[in-house]
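# Examination of the molecular architecture
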Amino acid sequence: METRLTLGARERDHDGRHGETLDTPAVTIAATQTFRGPAWDELPDVRVLESWPPEEAVPGVEVLLEAVVAVGPGELDLLPDLRLVANYGVGYDNVDVAACRARGIAVTNTPGVLDAAVAELTLALMLACRRLVVPSDRFVRDGSWDSIWSRPSRLGHDLAGSTLGLVGFGRIGQEVAKRAEAFGMQVIFNRRTGGLPLDELLRTADVVSLHVPLTPETHGLISREQLPLLQDGATLINTARGAIVDEDALVDELVSGRISAGLDVFADEPHVPERLLDLPNVVLTPHIASATVETRAAMTRVLADNVLAFLRGERLPNEVFG
Ligand code: DGY
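Residues numbered from 1 in each chain as written. Predicted model: local features only at pLDDT ≥ 70, side-chain atom pairs only at ≥ 80, totals over all residues.

### What about the sheet that holds strand β4 (residues 47-48)?
Put simply, the rule reads: Two strands form a pair only when DSSP identifies at least two bridges running between them. Secondary structure elements follow DSSP: runs of H or I of four or more residues count as helices, runs of E of two or more count as strands, with numbering from the N terminus.
The strand order across the open sheet built from six strands is β4-β3-β5-β6-β7-β15, with neighbouring strands paired in mixed fashion. Two strands bound the open sheet, and with one partner strand each, they are β4 and β15 (319-320). Pairing between strand β5 (residues 61-66) and strand β6 (residues 84-87): four bridges, direction parallel. By the bridge assignment for β6, V63 is matched with L84.

### Brief notes about the packing of helix α3 (residues 115-130) against helix α5 (residues 171-182)
As a reminder, the rule being used: Axes, fitted as lines to C-alpha atoms, cover a helix only where it is in contact. Angles between the N-to-C directions of the axes lie from 0 to 180 degrees. The labels follow the angle: roughly parallel below 35 degrees, roughly antiparallel above 145, roughly perpendicular from 65 to 115, and oblique for the rest. Each helix crossing is assigned a hand: it is left-handed if the near helix lies turned anticlockwise from the far helix by less than a right angle, otherwise right-handed if that turn is clockwise. Any two residues are considered in contact once their C-beta atoms, placed from the backbone, lie within 7 Å. Residues are sorted three ways: Asp, Glu, Lys and Arg are charged, Ala, Val, Leu, Ile, Met, Phe, Trp, Tyr, Cys and Pro are nonpolar, and all the rest, Gly among them, are polar.
Taken N-terminus to C-terminus, the directions of α3 and α5 make an angle of 50°; their axes are 8 Å apart at the nearest point. The orientation of α3 relative to α5 falls into the category oblique. Handedness of the α3/α5 crossing: right-handed. Across the interface between the two elements, D115, A116, V118, A119, T122 and L123 from α3 touch R171, I172, E175, V176 and R179 from α5. Across the contact of α3 with α5, the residue classes tally to six nonpolar, one polar and four charged.

### Some remarks on the environment of R36
Inspection of the secondary structure assignment puts R36 in the loop between β3 (28-31) and β4. Sequence-wise, R36 and A298 are 262 residues apart; in three dimensions their C-alpha atoms are separated by 9.1 Å. Those residues within four positions of R36 in sequence are excluded, and the remaining contacts are R296, A297 and T300.

### Considering the domain arrangement of the chain
The following threshold applies: Segment limits for the domains were obtained from an automatic or database-derived domain assignment.
When its domains are assigned, the chain resolves into domain 1 (7-113 + 294-320) and domain 2 (115-284). When each unit is reduced to the centre of its C-alpha atoms, the spacing between domain 1 and domain 2 is 34 Å. At the interface, four residues of domain 1 touch seven residues of domain 2. Class assignment for the residues of the side of domain 1 that touches domain 2 results in no nonpolar, three polar and one charged.

### Here's the deal with α5
The cut-off we apply is this: A helix's residues, less one, multiplied by 1.5 Å, set its expected span. In this scheme every C-beta is placed from the backbone, and a residue whose C-beta has 20 or more other C-beta atoms within 10 Å is buried, one with 12 or fewer is exposed, and one in between is partly exposed.
Helix length check: α5, at twelve residues, gives a terminal C-alpha distance of 17 Å against a target of 16 Å (1.5 Å per residue), a fit within 8%. Within the sequence span of α5, burial applies to I172, G173, E175, V176, A177 and A180. Looking at the buried positions of α5, the neighbouring elements they touch are α3, β8 (163-167), β9 (186-191) and β11 (207-210).

### Structural notes on the sheet that holds β8
Each strand in a sheet pairs with another by means of backbone hydrogen bonds, the pair being arranged parallel or else antiparallel. If you walk across this open sheet you meet the seven strands as β10-β9-β8-β11-β12-β13-β14, and the pairing is mixed. Each end of this open sheet is capped by a strand with a single partner; those strands are β10 (194-195) and β14 (282-284).

Here it is in structure tokens:
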């Protein structure tokens, strides 16, 4: 049932290094799915698991390639020989890094290659919400458009001249800031090491966009008590992780119609709260912030580079430590 492979026995062409011989012992690699992009073909044989978690223990697997699935003590028990978890994605909140480390298992992620794609979707959601793109599209399609343009049924808001509050100002937040500034927005931010205090940012911004990883500290960061701090008519954009916001409280706030939101992520994906589905003030997308051909291929490149480094016994380019 297992696929063994001997990478060291093969001549490989990696990063233009033609004819390089990788001298590594046989390593068994398993994956929860395949990943798109040419770099996938540079990996030695990968056994794609039929289910996650596996129905029974799978001894021998030393490298696991995964995305989104939970990897905690229970799952690790089923892979007793594991030495590397290569996570596809910059966010690795699905992996219990401490449990991995306690067992001597390294964990890697795929940072740096999806910043532009996530920033683009953030802007797309911002524009969609502030300029009423989605309800306007429905309006035309359902035949409701029956008056001249100078008598619109509803007006949106300019991005230009409005204030964007970024919660988190790392790589992705900074890419969003660049694009927002090009649209004429004034950018304010809050981050662990400074910026505007969070409550002040929530009170001040016309649009608030979340760009922090999901950690025990950021779980429920935007709480039921804080959502009312948002101005009437403000817009919340979330392309980070659903659980960063108290989702029930957010749904209540959106049902009231007081604010709008562009949501790419949800607390329990792929479940989307039923009450959001008919709301005109919400734009919903299915966690597609990194979903472009170019970015997914780049993520696979980074994933593969980490695995290949592991197989060569080299330093892992993107090891995470918690
Ligand atoms: C990630 O990489 O964590 C993203 O959520 C994928 O879009």
